[in-house]
Amino acid sequence: MKTSSAASSSAPAAVPGAAPGHAPEAAGAPRGRGSLGPVGLVLAGGISVQFGGALAVTLMPRAGALGVVTLRLLVAAVVLLVVCRPRLRGHSRADWTTVIAFGIALAGMNGLFYQAAARIPLGTAVTLEVLGPLALSVLASRRAINFLWAGLALAGVVLLGGGGFDSLDPLGAAFALGAGVMWAAYIIFSARTGRRFPQADGLALAMAVAALLFLPLGIAESGTKLLDPTILALGSAVAVLSSVLPYTLELLALRRLPASTFAILMSLEPAIAAAAGFLILSQALTLTEAAAIALVIAASMGAVRTQVGRGRVKTLPGQSA
């Protein structure tokens, strides 16, 4: 399990492309040869996240979107709390305010994304969601070139919507965009939490807050279905695939992989999500939709490269699925 997370860094930068809940790493990671190993670990983590999201979509008809989110957050919180064993005493009111805000952002990000994934294709949902951190990255930078990346992303969104979003469920698209806003909030509060809590303690506590917030919603929607052994097992699998496994793989990779390389790899998340949607959910993309996703990926990569060039990338927070 990850022990150096979004909540463990002292000064993360807002960079698009990392999936929600993904691990950041401090700048200055060694850039030695033989990076194929850590690159493979990061890609495996991304695949795990998106295929976990696809599994969650198949579980939604049985447990509901809110029920699936509840199971994912609850299992992930238990694992994090057991592994990290965060200290509960000795924190100030400001510390707790920050970690609670982090937990709210985490809950909102996951809840809105799963509502979107229940209505629109997975690749499209991730593409719209990544606009949140991309917008934060552009707004945080004063370089004019970032408006080029924003323009590319906007062109991708227009293509996805067919000029008016007539081909997409408008509510699903709204949920995905809302998840992107919460992802941006997650980035901000993960940075603040990392300055106040050691290691992954802040993340563990925030995950517990998110799980507690969603528990009543999951019970209201799914009730005793959450106790069904099959649903509980599948929900635990979603938590492992979407949180536990990728956190572990990324932690191992980021000990040897530069944060800039990690950021660019995370920009491929919409493409991985589209592949997962096609293979597991039979969600085929049209050429226009594939071009739209490619534009958003290019915009995300460009924004990352721009920030790396200025030496502003220090850590990478990360989604959803």
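Just above, that's the structure.
Every value quoted in this text rests on a predicted model; they were computed, and no experiment measured them.

Topic: the packing of helix 3 (residues 93-117) against helix 7 (residues 170-196)
Then, in step 1: Put simply, helix 3 and helix 7 touch, their axes get as near as 7 Å, and they point 155° apart. Here helix 3 is positioned roughly antiparallel relative to helix 7, judged by the angle of their axes. Once helix 3 is placed against helix 7, the crossing between them reads as left-handed.
Then, in step 2: Per-class residue counts for the contact of helix 3 with helix 7 are 19 nonpolar, 7 polar and 3 charged.

Structural notes on the environment of Leu 152
Then, in step 1: Along the chain, Leu 152 falls in helix 6 (residues 145-160).
Then, in step 2: Spatially, the C-alpha atom of Leu 152 lies 7.5 Å from that of Ala 298, the residues being 146 residues apart in sequence.
Then, in step 3: With sequence-adjacent residues up to four places away left out, Leu 152 is seen in contact with Leu 295, Ala 298 and Ala 299.

Some thoughts on the packing of helix 3 against helix 8 (residues 201-222)
Then, in step 1: Helix 8 packs onto helix 3 with a crossing angle of 55° between their chain directions and a minimal axis gap of 7 Å. One element, helix 3, and the other, helix 8, form an angle in the oblique class. Considering how the two elements wind past one another, helix 3 and helix 8 form a crossing that is right-handed. Only Gly 202, Leu 203, Leu 205, Ala 206, Met 207, Val 209, Ala 210, Leu 213 and Phe 214 of helix 8 make contact with helix 3, whose side of the interface consists of Trp 96, Val 99, Ile 100, Phe 102, Gly 103, Ile 104, Leu 106, Ala 107 and Gly 111.
Then, in step 2: Taken together, the residues of the contact of helix 3 with helix 8 break down into 15 nonpolar, 3 polar and no charged.

Topic: a nonpolar patch on the surface
Then, in step 1: Taken together, the side chains of Leu 74, Val 78, Val 82 and Val 83 make up a nonpolar region of the molecular surface, amounting to roughly 320 Å² of accessible area.
Then, in step 2: The topology assignment puts Val 83 in helix 2 (residues 65-84).

Observations regarding the environment of Val 157
Then, in step 1: With respect to the helices and strands, Val 157 occurs in helix 6.
Then, in step 2: Overall, the relative accessible area of 13% leaves Val 157 in the buried class.
Then, in step 3: In this structure the C-alpha to C-alpha distance between Val 157 and Thr 124, which are 33 residues apart in sequence, comes to 9.4 Å.

Points about helix 11 (residues 269-281)
Then, in step 1: When the terminal C-alpha atoms of helix 11 are compared, their 17 Å separation across 13 residues agrees well with the 18 Å that a helix rising 1.5 Å per residue should span.
Then, in step 2: Of all the positions in helix 11, only Glu 269, Pro 270, Ile 272, Ala 273, Ala 274, Ala 276, Gly 277 and Leu 281 are classed as buried.
Then, in step 3: In the segment just after helix 11, Ser 282 is the residue with positive phi, at about 55°.

Quick look at the packing of aromatic side chains
Then, in step 1: Using the criterion set out here, one finds 2 aromatic pairs in the structure.
Then, in step 2: Summarising the aromatic geometry, the rings of Phe 113 and Tyr 114 are spaced 5.9 Å apart at their centres and angled 85° between planes, so their arrangement reads as edge-to-face. Just as Phe 113 is buried, Tyr 114 falls in that class too.

What to know about the pattern of salt bridges
Then, in step 1: One pass over the structure, following the stated rule, counts 1 salt bridge.
Then, in step 2: The closest approach of N and O atoms between Asp 95 and Arg 196, which form a salt bridge, is 2.8 Å. Taken as a pair, Asp 95 in helix 3 and Arg 196 in helix 7 lie far apart in primary sequence, 101 residues in all.
Then, in step 3: Under the relative-accessibility criterion, Asp 95 is labelled buried at 10%.

Conventions and cut-offs
- Residues numbered from 1 in each chain as written.
- Predicted model: local features only at pLDDT ≥ 70, side-chain atom pairs only at ≥ 80, totals over all residues.
- Heavy atoms only, no water.
- Axes fitted to C-alpha atoms, helices over the stretch in contact; angles between N-to-C directions.
- Helix = DSSP H or I, 4+ residues; strand = E, 2+ residues; numbered from the N terminus.
- Parallel < 35°, antiparallel > 145°, perpendicular 65-115°, else oblique.
- Left-handed = near helix turned anticlockwise from the far one by under 90°.
- Nonpolar A, V, L, I, M, F, W, Y, C, P; charged D, E, K, R; others polar.
- Contact = heavy atoms within 4.5 Å.
- Patch = residues over 30% accessible without salt bridge, like charges linked within 9 Å, V, L, I, M, F, W, Y side chains within 5 Å.
- Areas by Shrake-Rupley, 256 points an atom, 1.4 Å probe, with all protein chains shown as cover.
- Salt bridge = Lys/Arg side-chain N within 4 Å of Asp/Glu carboxyl O.
- Buried < 20%, exposed > 50% of the residue type's maximum accessible area, 1.4 Å probe, protein only.
- Expected span 1.5 Å × (residues − 1).
- Phe/Tyr/Trp six-rings, centres within 6.5 Å; stacked < 30°, edge-to-face > 60°.

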